[in-house]
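Overview (structure and organization)
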Amino acid sequence: VSGALSMGSGCPVGYMNDTPALLRAKFAEALQRVRFVSSLDDDVLIDRAEAKRLLRCDDATIADLVAQGLRIDQRTEAFSYCDIMNVGLYSGTARSVPELAERFITRFSAEPPLTWTQRRRWRLAVEGRCTRAGGCAGGQWALAATPAQAYRRDPSDIGSRVDTFRTTFEAETSGYQMEVQAAPIRRLHSECLERFRSGAWQYQYLPLGLRDDPVAADRLGVMNCFSVAGWLSERLRMLGIETRVRHGLLLAFMGMEHAWVDARDADGVFKPLDPVIAVLAARSAVPASSFASFTCGSRFNRVLASRANTGQIVTHACDGRKQTVTLLVYARPADRRSG
Amino acid sequence: MTARELLIQIEPANEHILDSVAPDDDLLAAGIDSASLVELALRIEEECRVALRAAELDSLTTLSGIQAVLERHRPSGERPANQDEPGRDQPPLEN
């Protein structure tokens, strides 16, 4: 994707011998690529150990990044979660957690298209962690929006620790292939791809407030799946096209929360638009040639839609207020080979 | 190297957990940290110099699944460390 850092062909060759100095240089270059558009106060703060874990780097690299301008909360010596994820994402080290997540999540796009729609059964573990500064004060957890196709949830896993929510369940997914008939819908899907391609938009991790404010994110030129879904929804509604913003989980070796928009096509059928996954696949995998067009109207079998269309899937309140939750999603096949 | 040896190399504390894990047991459910599995995927890709298929990534959840992936991508000329290791006769992966 022009305007964003290309991370290669999906084949991880050539970085094994990166020296510590080269790794530090790559992270430092990432500082120039990331668009720092929100204040530290708007984001979840993480400590140095977590920053090292996400970047998979050493203390010297963190110190180097701070010296070169990485923002740090002077009082708590904490970092913005999104800053760290974005520096990792644009580092080109091919080792940071955000790079690995993107690489593993989009790997399916290189498989034969037939495999994108087959019925799948999954075993999922969803883990939420409280991000309250100073530590979790203990409180209530809830799976606010049980994914629509989920079943056999094990309630005994819920709330086993006060600072962490963990639940496991099985789910079944399937996809379908459809083509969008309405030209305005196809045009807006293409416009999203072009905005990323031109660099007008850069995919980044966004604080909750910004991800849910597509107008502001568009103005700042930083978008993720949530803001793109919101932006598309608004633009389509302006054209008189009915939409539903959808939230859910993207199922993969390292899964994550995901958002897309369903638009009512000329034939009256709601069809999904998910241009962001096409953008990520283009830079982190070797997607099949039809993958980008597939994300306009078709649905792949690695999304688990939530019943709720807003807010976080796992919610938590402690210290008298709702807290931001970081969500980890692990999905593996529940078939004969995985027991 | 076997799947078990690789997981212990990544995190020595995994040895205690793996003592009671059967070849087809779910590793996450058994207590293996997800970070170990991510590190495992990265190591296989680095050391075998391959990009694992999505179905192969999905299968890195049991010792037998990991072993099958290791066997498939073992550099030519390198013999399996243990001929009795589970997963040697796994069917081809499907996605």
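In this report, the structure presented in the accompanying data block is examined. (Residues numbered from 1 in each chain as written. Chains lettered and ligands numbered in written order. Predicted model: local features only at pLDDT ≥ 70, side-chain atom pairs only at ≥ 80, totals over all residues. Heavy atoms only, no water.)

With that settled, the discussion passes to the overall build of chain B. For chain B, the count of helices and strands is 6 helices and 0 strands. Put simply, chain B runs from its N terminus to its C terminus through helices and strands in the order α-α-α-α-α-α. Taking all 95 residues of chain B together, 56% fall into the buried category. Across chain B, the fraction of contacts at a sequence separation of at least 24, relative to all contacts at a separation of at least 6, is 51%. Summed over its atoms, the accessible surface of chain B is roughly 4,300 Å², and 46% of this surface lies on carbon and sulfur atoms. (Helix = DSSP H or I, 4+ residues; strand = E, 2+ residues; numbered from the N terminus. Buried < 20%, exposed > 50% of the residue type's maximum accessible area, 1.4 Å probe, protein only. Contact = heavy atoms within 4.5 Å. Areas by Shrake-Rupley, 256 points an atom, 1.4 Å probe, with all protein chains shown as cover.)

Turning next to the packing of aromatic side chains. All names here are of chain A. Here the structure, examined in full by the defined rule, presents 9 aromatic pairs over all chains. Taking the centre distance of 6.5 Å and the plane angle of 90° together, the rings of Tyr 81 and Tyr 205 count as edge-to-face. Residue Tyr 81 is found in helix H4 (residues 81-89), and its partner Tyr 205 is found in the loop between strand E7 (202-203) and helix H7 (208-211); the two are separated by 124 residues along the sequence. An angle of 70° between the planes, with centres 6.4 Å apart, marks the rings of Tyr 203 and Tyr 205 as edge-to-face. We classify Tyr 205 as buried; its relative accessible area is 15%. Of the aromatic side chains, those joined through ring pairs into one cluster are Phe 108, Trp 116, Phe 291, Phe 294 and Phe 300. For Arg 211, the ring lying beneath its charged end belongs to Phe 226, and the centroid distance is 3.6 Å. Sitting over the face of the ring of Phe 270, Arg 244 holds its NZ or CZ atom 3.8 Å from the ring centroid. (Phe/Tyr/Trp six-rings, centres within 6.5 Å; stacked < 30°, edge-to-face > 60°. Lys NZ or Arg CZ within 6 Å of the ring centre and 35° of its normal.)

Residues and elements named next belong to chain A. The tally for this structure, following the rule as stated, stands at 7 cavities of 30 Å³ or more. There is about 80 Å³ of room inside the largest cavity. What lines the largest cavity is a set of 16 residues, among which Ser 38, Cys 82, Asp 83, Asn 86 and Pro 207 lie closest to the centre. Element by element, the count of residues in the lining of the largest cavity is highest for H4, at 3 residues. Residue composition of the lining of the largest cavity, grouped by class: 7 nonpolar, 5 polar and 4 charged. Considered as a void within the structure, the second largest cavity measures approximately 70 Å³ in volume. (1 Å grid on protein atoms, 1.4 Å probe; cavity = no way out; pocket = protein on both sides within 12 Å on 5 of 7 lines; lining within 4 Å. Points joined across faces, edges and corners; volume = space filled by probe spheres on them. Nonpolar A, V, L, I, M, F, W, Y, C, P; charged D, E, K, R; others polar.)

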